[in-house]
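Close look at the chain arrangement
Residues per chain, in single letters:
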Amino acid sequence: MEWRNSKRLYERAQRIFPGGVNSPVRAAVKPHPFYVERAEGAYLYTVDGEKFVDYVLAYGPLILGHRHPKVLEAVEEQLEKGWLYGTPAETEILLAETILKHYPSADMVRFVNSGTEATMLAVRLARAHTGRDLIVKFEGCYHGAHDYLLVGAGSAASHFGVPKSEGIPEAVAGRTLVARYNDPDSVERILKKHEDKVAAIIVEPVVGNYGLILPRKGFLQELRRLADHHDVLLILDEVITGFRLSLGGAQEYFGVKADITTLGKIIGGGFPIGAVLAPEEIMERITPSGKVFNAGTFNAHPVAMAAGLATLKLLETGEPYRVANYAAKKLAEALEDLAGRYGYDHWVSHIASMAHIFFTAGEVVDYESASKADKESYLRLHRELLRRGVFTAPSQFEVMFTSAAHDRGVVEETLTALEEAFKAMRGS
Ligand SMILES: Cc1ncc(COP(=O)(O)O)c(C=O)c1O
């Protein structure tokens, strides 16, 4: 693989950006990132004239694929009318109403600009609502790049060896306690030890930031029960799962209810967005109704509102889910089959339009078991696929996403590349 134009761009980038990139996982593609010229449907087209089937999809937002014509139309329409007003517009009401229709656990919304901002506000809100300080999170879950929750964090924080970032005061990091995913007892121990001091439990209902780890049957319900029993708020971070597992996200999929929900990614249709949702009594604490401060120059950005609304309207037809979920199912089946046939210990996880493979002999249910997987084999597969025109996550701690653009033709193309990739791995 020789990406000459990308190499030249990366050399320039390294002089001006830390690590040459603006978000760390982008530097995980080796020998250096490829630079994209344009994208359409299931494909990325690079400045080196290459074409990749995209299973990264910008790490989750693009459930319709790239440059969906209906989203493009909505964005263009909005641009014609201006793109930032600093005062409200109807689109924010329409998007919030659409979201709330599918999230019966909430009455109100605050739009922000990223998942990071959403979980930051959710934690502040939970602390204000309960009058308590401590937060329980799970090892390997990632909730964004802010001080409250960058402890035991997955995603790029784990890939680059900083699950607890430098620069976070101990006084802040010490307020975040880390439990074990799929292990309600580990949560109960913390809640009992710190009775009346914990404000909230925050969890990715399906872990999408330490590879893909599914909740065991009853785990989320048990968290709900523990939260109620100890009078603690349950924050479901649905930045990935919201509108991906189903229209009502993990809450609908697993039949569990959050006190506070955080959303992002898909609801902005590929534009920067985050959202906090909760019942009125909690949400009314946010400024200007209440005293939990939040503000943002770009909050409820009209272009993100328009793109998000167009995306959700299409999702409501159900068709995008049929295509995307079928593609992920075929991908997971092929990974299972090929890893077995080529003699690899493996664990394939799959749900809705997400899939992942761990090269490991045991089951993967939490951070510890996921950490045992052979990252080198995962990266080897990623590289062999890239050579064959398929872009999968360049890190063991991300997942494969599919979209409505991953139709049967795209899937067939991928399955051929996948078989060749496994053959190449075994051949050397
Ligand atoms: C579950 C979860 N929460 C929060 C975030 C942070 O979102 P953002 O990258 O938009 O700040 C992410 C990002 O990947 C995420 O996966």
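In what follows, the accompanying structure is described. What you see is a predicted model, and the numbers here were worked out from it, not measured in a lab. (Residues numbered from 1 in each chain as written. Predicted model: local features only at pLDDT ≥ 70, side-chain atom pairs only at ≥ 80, totals over all residues.)

Looking now at the overall build of the protein chain. Along the protein chain, the regular secondary structure elements total 15 helices and 14 strands. Oriented by its inertia axes, the alpha-carbon framework of the protein chain measures out at about 60 × 55 × 45 Å. The buried share among the 428 residues of the protein chain stands at 53%. Sequence separation of at least 24 residues holds for 72% of the intrachain contacts in the protein chain that already meet a minimum separation of 6. (Helix = DSSP H or I, 4+ residues; strand = E, 2+ residues; numbered from the N terminus. Buried ≥ 20, exposed ≤ 12 C-beta atoms within 10 Å, placed from the backbone. Contact = placed C-beta atoms within 7 Å.)

Let us now look at the site of the ligand. The immediate surroundings of the ligand are formed by 17 residues, with Ser114, Gly115, Thr116, Gly144 and Val239 found nearest. Counting residues per element, the shell around the ligand draws most heavily on helix H4 (residues 115–130), at three residues. Looking at the shell around the ligand, its residues break down into four nonpolar, 11 polar and two charged. (Near = placed C-beta within 6 Å. Nonpolar A, V, L, I, M, F, W, Y, C, P; charged D, E, K, R; others polar.)

Counting residues in each nonpolar core, the largest one holds 138 residues, and the members touching the most others are Ala200, Ile201, Ile235, Ile260 and Ala275. Looking at this core element by element, the count peaks at 10 residues for helix H12 (residues 319–341). Two domains share this core, each providing at least three of its residues, namely domain 1 (1–54 + 375–394 + 412–423) and domain 2 (69–316). (Core = buried A, V, L, I, M, F, W, Y, C linked by C-beta atoms within 7 Å. Domains from an automatic or database assignment.)

With that settled, the discussion passes to the sheet that holds strand E3 (residues 51–54). Strands sit in the order E1-E2-E3-E13 across an open sheet of four strands; the sheet is mixed. Either end of the sheet is taken by a strand with one partner, and the two such strands are strand E1 (36–40) and strand E13 (390–391). As defined by bridge partners, E3 adjoins E13 across two bridges and the pair is classed as parallel. Bridge pairing in E13 places Asp54 opposite Phe391. (Pairing = 2+ DSSP bridges.)

As defined by bridge partners, E1 adjoins strand E2 (residues 43–46) across four bridges and the pair is classed as antiparallel. Along E2, the bridge assignment pairs Val36 with Thr46.

A separate point is unusual backbone geometry. Note the cis peptide between Lys30 and Pro31, where omega equals 5°. With respect to the element layout, Pro31 can be found in the loop between helix H1 (4–16) and E1. Each neighbour pair has its own omega, and for Thr287 with Pro288 the value is 5°, a cis peptide bond. With respect to the helices, strands and loops of the structure, Pro288 is situated in the loop between helix H10 (280–283) and helix H11 (302–316). One non-glycine residue, Ala300, lies in positive phi territory at about 55°. Mapped onto the secondary structure, Ala300 falls in the loop between H10 and H11. By the C-beta count within 10 Å, which is 22 here, Ala300 ends up buried.

Quick look at helix H14 (residues 375–387) now. Taking 1.5 Å per residue as the helical rise, H14 with its 13 residues ought to reach 18 Å, and the 18 Å between its terminal C-alpha atoms agrees with that figure. Those residues of H14 that sit buried are Tyr378, Leu381, His382, Glu384, Leu385 and Leu386. Those residues of H14 hidden inside the fold are in contact with strand E12 (354–358), E13 and helix H15 (408–427). At the exit of H14 stands Gly389, carrying a positive phi of roughly 85°. (Expected span 1.5 Å × (residues − 1).)

The next subject is the packing of H12 against H15. In the contact formed by H12 and H15, the axes pass within 10 Å of each other and the chain directions differ by 20°. By the angle class used here, H12 and H15 are roughly parallel. Two packed elements cross with a definite hand, and for H12 against H15 that hand is right-handed. Here Ala327, Lys330, Leu331, Ala334 and Leu338 of H12 lie close against H15, whose contacting residues are Val411, Thr414, Leu415, Leu418, Glu419 and Phe422. For the contact of H12 with H15, the residue count by class is eight nonpolar, one polar and two charged. (Axes fitted to C-alpha atoms, helices over the stretch in contact; angles between N-to-C directions. Parallel < 35°, antiparallel > 145°, perpendicular 65-115°, else oblique. Left-handed = near helix turned anticlockwise from the far one by under 90°.)

Our next topic: the environment of Leu335. Here Leu335 shows up in helix H12. Judged by the 24 C-beta atoms lying within 10 Å of it, Leu335 is buried. Sequence spacing of Leu335 and Ile357 is 22 residues, and the spatial spacing of their C-alpha atoms is 7.1 Å. With residues up to four places along the chain from it excluded, the contact list for Leu335 reads Val348, Ala355 and Ile357.

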